[in-house]
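Spelled out from the first residue to the last, the chains are:
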Number of protein chains: 2
Amino acid sequence: MMEAKLNELKQRLMEASDLSYAGALLSWDQTTYMPPGGAEARGRQLALLGKLAHERATDPAIGKLLDALQSYGESLPYDSDDAGLIRAARRQYERDTRVPAQFIAQLYEHGAHSYQVWTAARPNNDFAAVRDNLQKTLDLSRKMADFFPGYQHLADPLIDFADYGMKAESVRELFTELREQLVPIVRAITAQPVADDSFVKQHFPKEGQLAFGEKIIRDYGFDFERGRQDLTHHPFMTKFSIGDVRITTRIQENDITDSLFSTLHEAGHAMYEQGINPAYEGTSLDGGTSAGVHESQSRLWENIVGRSRAFWEHYYPQLQAAFPGKLDNVPLDKFYRAINKVQRSLIRTDADEVTYNLHVMIRFDFELQLLEGTLEVRDLPEAWHERYDKDLGVTAPNDSDGVLQDVHWYVGIIGGSFQGYTLGNILSAQFYDTALKAHPAIPDEIGRGEFSTLHGWLRENIYQHGSKFTAPELVERVTGSPLTIEPYIRYLRGKYAELYQM
Amino acid sequence: MMEAKLNELKQRLMEASDLSYAGALLSWDQTTYMPPGGAEARGRQLALLGKLAHERATDPAIGKLLDALQSYGESLPYDSDDAGLIRAARRQYERDTRVPAQFIAQLYEHGAHSYQVWTAARPNNDFAAVRDNLQKTLDLSRKMADFFPGYQHLADPLIDFADYGMKAESVRELFTELREQLVPIVRAITAQPVADDSFVKQHFPKEGQLAFGEKIIRDYGFDFERGRQDLTHHPFMTKFSIGDVRITTRIQENDITDSLFSTLHEAGHAMYEQGINPAYEGTSLDGGTSAGVHESQSRLWENIVGRSRAFWEHYYPQLQAAFPGKLDNVPLDKFYRAINKVQRSLIRTDADEVTYNLHVMIRFDFELQLLEGTLEVRDLPEAWHERYDKDLGVTAPNDSDGVLQDVHWYVGIIGGSFQGYTLGNILSAQFYDTALKAHPAIPDEIGRGEFSTLHGWLRENIYQHGSKFTAPELVERVTGSPLTIEPYIRYLRGKYAELYQM
């Protein structure tokens, strides 16, 4: 009886999920291979699939099944797959059904329009062009929050979508604590001369760059039988089933680092998705559990592993050999310093791993202030410049490299969009620290280009569970403590003290 | 009032069409880029989209709208878009609703399974492995025909799906007449020595082949802003909107002709679809009007244009220059003979334009006999060998190059699958003949690599109309007479009399 209901639930979730996956493939194609003439119809087809997926996900029949399954779910061991599925499906269903389909459609429509305007406004340094859209985005974001009454801060439900269990207040406290630790590190490093990285800016042919990056992620354990990499303007990870997880990158031939680290980053996201228990396919458990945990995996493979000295002891000779005549006279130490160059800068996505979080905190604070009404949209460009001057000591010459630089507010909502990046940085170190306690030989293995112990530990402890546990549950379960910045600060201090002989 | 109903009809057709287009993209990806791990979920997602598209296309609301619009449609001028739409939508709806969704699902499921078995059986020369599936395909094909009672021959409804207006009897008469004309031509040519084409079998690098083919189809008028070409195992054309029509090819580096002519062929199909009136998008008019008319366009651009002497007077020096050292000592005449080499052969898809139809006729006759029950599935391999011996004077050493060579019966139904190829050959000459009467300078233009007059004429007279006119209507309207083999025979006689000094 319960089994029949559970199967019907899974069947219904699978249909909604397959419609979303079909839409994801249409989006992937839109950014990889679609000719320009396909754009208009593609928008229409994506809207249709989105509507059908939402209709199915919010079908009252699912609510009835969940009601019927509630006490059965609670009678199962907490860790069991079915209990986890019933909990996750309930959370998802309540979230999806509280927001009227009409509102979702309005949000998508506004987002598509706003994105179009932004793509033209950014190169033209034209904040005035996006201002009204941004105001409307803010209004819609507030409305969205209002569908989830009972919050302390308007941002709470929006943060909760991405990072379940976090609130404006808890993130604010965490970020304040982190900032206090980070600022002295940044100050100490930036008092020293900036590392020379001129040699990474030589001409590195596209094919060689792609081959080198793909060789590494194959070593990492990215499964090319269940994934692939293509070229897009902006790198991303996407998925059409647990057996088909794709990443994209872009190649800048005058810089060896841009594509390489984007490939390592997106491969981290992808390995998380490839590692989910195949039995979860199409259910509410099929996907990483939060923005922060997802980002912890991309940052772990990109930074903690991919920018470590041990890693490059193994791969640097291969890199030198792959591009003859380019790096022959650059010693490993110098290269290692270059790819870990720390400097106060304007652009979040180009920032090093030390200053990166300062960029995130600025955006997080602005999201709260905009939602609260303590900052007006029209005052945002000026506030941006002031804050960058104060926090990072740099001033953008324009809004293109200021408030117009990130796509998030121009395509989605304001609130909950950025904290996941820093939560990810923090968690990457906390998880890695735990892995090292279990397997102290991991750094040695990395130095031999071997990653199976680390990958296996992550798959076993994190990946396979998909969304069975919430992020707070998972962190506690895996590391034995709640999220804490201590391992991350220790990691940064250790690495950069050595790099800068502090 | 009628306008509102018409708009609702278009809206409903558009949703069904967009779901089909989304499915088409999933299929395209399956054969171009999908990693193996995606296969299982992809099959499930395709089945879901197919089911949803069929549900929408057969929604009784469409039937009611068509009933309400019937007399309005008849009151409009026959040539008007709305009249054509109402006629075509009615035809489509009646066809779709007569076949139960359950049966369609069964057919797809069986087709998918049968295809899998065939892909393994063909290389293993294992007819026994496919025999039971083929018998089931035959049973299902008969059932399919039975949903459309009132036929003279069981194949009639199946032929009608692909080539509206044709019946077993009319195709049989046409083919008999054509065979009487073809056989003496084949006999006369094959009495002479076979043309030397050893030089086309040299090593021609992939990139150069792709670039050369794409240069030509760009000259033809294939719009790369609204289409693209990718690589697959078997070349095909597909479409996701009138603004996004894609073709695929495969490259054999030891043969310059295989990919090149497949590109020209698929580009012909694609230019037809790209040329459809954009106002028809998503309606029953959005698509070529029949298998035969579609094939007429692929064969026209592949053969009548692409294998003509005038064409190669322009492109041969470019081909020589594109592959230095390969064809420098091969004069144009010799190359022209090589790409028009005629010989009795075993494989339909490799056959020249003279003997090609003999291959088609064998398959067409077998389809009728299988449906009638005058040929048993188990006797098919032997019948195949006998017939090839009799009609073409060749014997396959096995079934792989015999009855197992074409995918059609192993993935679709038996009946109506092959006649379109020969109808296309016939129509390609009939249409081209008419174009020449209107624009006698076309061959001179082809000799200069200019195709805009021919392409413009085809777009104006054929492409733009999509399915507004049935194939018989279109042929009559464009050429002033019903389908006739005379221009085709005249074309073959003229071309090959010169090539073989007959």
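The shown structure was predicted, so the numbers you read here are calculated from the model rather than taken from an experiment.

Analysis parameters
- Residues numbered from 1 in each chain as written.
- Chains lettered and ligands numbered in written order.
- Predicted model: local features only at pLDDT ≥ 70, side-chain atom pairs only at ≥ 80, totals over all residues.
- Helix = DSSP H or I, 4+ residues; strand = E, 2+ residues; numbered from the N terminus.
- Rg over C-alpha atoms; globule rule 2.2 N^0.38 Å.
- Buried ≥ 20, exposed ≤ 12 C-beta atoms within 10 Å, placed from the backbone.
- Least-squares fit on C-alpha atoms with pLDDT ≥ 70 in both.
- Contact = placed C-beta atoms within 7 Å.
- Nonpolar A, V, L, I, M, F, W, Y, C, P; charged D, E, K, R; others polar.
- Core = buried A, V, L, I, M, F, W, Y, C linked by C-beta atoms within 7 Å.
- Pairing = 2+ DSSP bridges.
- Axes fitted to C-alpha atoms, helices over the stretch in contact; angles between N-to-C directions.
- Expected span 1.5 Å × (residues − 1).
- Bend = angle between axes of the 7 residues up to and from the residue.
- Parallel < 35°, antiparallel > 145°, perpendicular 65-115°, else oblique.
- Left-handed = near helix turned anticlockwise from the far one by under 90°.
- pLDDT = per-residue confidence, 0-100.
- Arc of directions from axis to C-beta.

K.L.:
Where do I start with the overall build of chain A in this structure?
P.N.:
Within chain A, the secondary structure is distributed over 21 helices and three strands. Rg of the C-alpha trace for chain A: 23 Å, near the compact-globule value of 23 Å for 502 residues, within the 12% margin. Taking the principal axes of its C-alpha atoms as reference, chain A extends roughly 70 × 50 × 50 Å. The proportion of buried residues among the 502 residues of chain A is 44%.

K.L.:
How should I be thinking about the relation of the copies chain B and chain A in this particular structure?
P.N.:
Note on the identical chains: chain B maps onto chain A by a rotation of 180° and an axial translation of 0.0 Å, with an RMSD of 0.0 Å. Between the two chains, the operation in question is that of a two-fold axis. Nearest to the rotation axis, the C-alpha of A22 of chain B is located 3.6 Å from it, this being the minimum over chain B. Same-surface contact between copies: 100% of interface residues of chain B are shared with the interface of chain A.

K.L.:
So what exactly am I meant to see when it comes to unusual backbone geometry here?
P.N.:
Of all residues except glycine, most have a negative phi; of all peptide bonds, most are trans. If you check the backbone angles, N125 of chain A has positive phi at about 55° while not being a glycine. Residue classification places N125 of chain A among the partly exposed residues on the basis of 16 C-beta atoms within 10 Å.

K.L.:
Explain the interface of chain B and chain A to me, please; I cannot follow it from the model alone.
P.N.:
A common way to state how big an interface is: give the accessible area lost once the parts meet. With 29 residues of chain B at the interface, the matching set in chain A holds 29 residues. At the level of secondary structure, the elements contributing two or more residues to the side of chain B that touches chain A comprise α1 (2-32), α2 (39-57), β1 (227-231) and β2 (237-241) of chain B. Residue contributions to the side of chain B that touches chain A peak at seven residues, all from α1 of chain B. By residue class, the composition of the side of chain B that touches chain A is 13 nonpolar, six polar and ten charged.

K.L.:
When you look at the environment of L300 of chain B in this model, what are you seeing that I'm missing?
P.N.:
Its place among the elements puts L300 of chain B in helix α11 (residues 291-305). Exposure remark for L300 of chain B: the 27 C-beta atoms within 10 Å place this residue in the buried category.

K.L.:
Looking at this model, I keep getting lost on the nonpolar core. Mind explaining?
P.N.:
Nonpolar side chains in soluble globular proteins tend to end up buried together. Of all hydrophobic cores here, the largest spans 252 residues; its most connected members are A22, L49 and A267 of chain A together with A22, L49 and A267 of chain B. The contact partners of A267 of chain B, leaving out residues within four places of it in the chain, are I217, Y220, F222, I247 and W301 of chain B.

K.L.:
I'm lost on the sheet that holds strand β1 (residues 227-231) of chain A in this one. Help?
P.N.:
Note: strands within a sheet are paired through backbone hydrogen bonds, in either parallel or antiparallel orientation. All names here are of chain A. Pairing within the open sheet is mixed, and its three strands lie in the order β1-β3-β2. The sheet terminates laterally at β1 and β2 (237-241), the two strands that pair on one side only. Neighbouring strand axes in the sheet, compared pairwise and without regard to direction, differ in orientation by 25° on average. Pairing of β2 with strand β3 (residues 244-249), which is carried by four bridges, proceeds in the antiparallel orientation. Along β3, the bridge assignment pairs T238 with R246. Against the sheet, helix α1 (residues 2-32) touches β1, β2 and β3, its axis set at about 140° to β2. Those strands touched by helix α10 (residues 256-274) are β1, β2 and β3, and its axis lies near 165° from that of β3.

K.L.:
In this structure, what is going on with helix α12 (residues 309-322) of chain A? I would like to understand it.
P.N.:
Side chains three or four residues apart in an α-helix point the same way, a direct result of the helix having 3.6 residues per turn. All names here are of chain A. The terminal C-alpha atoms of α12, which comprises 14 residues, lie 19 Å apart, in line with the 20 Å expected from a rise of 1.5 Å per residue. Its maximal kink placed at Y315, α12 deviates by approximately 45°, while the proline P317 follows within four residues. The set of residues buried in α12 consists of F311, W312, Y315 and L319.

K.L.:
Is there a simple way to explain the packing of α1 of chain A against helix α3 (residues 60-75) of chain A in this structure?
P.N.:
All names here are of chain A. Two numbers describe how α1 lies on α3: the axes approach to 10 Å, and their chain directions differ by 140°. One way to sum up the angle between α1 and α3 is to call them oblique. Regarding α1 and α3, the two cross each other, and that crossing is left-handed. Contact residues: M2, K5, L6, E8, L9 and R12 in α1; A61, I62, L65, A68, L69 and Y72 in α3. Of the residues assigned to the contact of α1 with α3, the class counts are nine nonpolar, no polar and three charged.

K.L.:
Please clarify how the sheet that holds strand β3 (residues 244-249) of chain B should be interpreted in this entry.
P.N.:
Residue and element names in this part refer to chain B. Across the sheet, which stays open at both edges, the three strands sit in the order β1-β3-β2 with mixed pairing between neighbours. Two strands in the sheet have a free side with no partner beyond their single neighbour: β1 and β2. Averaged over all adjacent pairs, the angle separating strand axes in this sheet is 25°, with direction ignored. Running over the sheet, helix α10 (residues 256-274) touches β1, β2 and β3 and is turned about 165° from β3.

K.L.:
Would you mind showing me how to read the environment of H314 of chain A here?
P.N.:
Residues and elements named next belong to chain A. Relative to the helices and strands, H314 resides in helix α12. With 16 C-beta atoms counted inside 10 Å, the residue H314 sits in the partly exposed group. Setting aside chain neighbours within four positions, we find H314 in contact with G447, R448 and G449.

K.L.:
What's the story with the pairing of β2 of chain A in this structure? I'm lost.
P.N.:
Within β2 of chain A, five of the five residues are buried, which leaves it mostly tucked inside the rest of the structure. Taken together, β2 of chain A and the strand that follows it, β3 of chain A, pair antiparallel across an intervening segment of two residues.

K.L.:
Sorry, what's going on with the packing of helix α11 (residues 291-305) of chain A against helix α17 (residues 419-438) of chain A here?
P.N.:
Each pair of packed helices can be described by the angle between their axes along with the distance between the axes. Residues and elements named next belong to chain A. Axis separation between α11 and α17 bottoms out at 7 Å; the angle between their running directions is 65°. The handedness of the crossing between α11 and α17 is right-handed. Contacts between α11 and α17 involve A291, G292, V293, H294, E295, S296, S298, R299, L300, N303 and I304 from the first element and G420, Y421, L423, G424, N425, L427, S428, A429, F431 and Y432 from the second. For the contact of α11 with α17, a count of residues per class yields ten nonpolar, nine polar and two charged.

K.L.:
What is the right way to read the confidence of the model for chain A from this model?
P.N.:
Averaged over every residue, the pLDDT of chain A is 96; residues scoring 70 or more account for 100%. Interface confidence for the predicted complex, given as ipTM, is 0.94, next to a pTM of 0.95.

K.L.:
What is the right way to look at helix α20 (residues 471-479) of chain A in this model?
P.N.:
Residues and elements named next belong to chain A. Of all the positions in α20, only A471, L474, V475 and V478 are classed as buried. Taken down its axis, α20 places every buried residue within 95° of arc, on the same side. The inward-facing, buried residues of α20 contact α11, α17 and α19 (452-461). Note on α20: the residue one or two positions beyond its end, G480, has a positive phi of about 80°.

K.L.:
In this structure, what is going on with the environment of H269 of chain A? I would like to understand it.
P.N.:
Residue and element names in this part refer to chain A. As for its placement among the helices and strands, H269 is situated in helix α10. The class for H269 is buried, based on 24 C-beta atoms found within 10 Å. For the pair H269 and T238, spaced 31 residues apart in the sequence, the C-alpha separation amounts to 9.0 Å. Among all residues touching H269, those that are not within four sequence positions of it are M237, H294, Q297 and S298.

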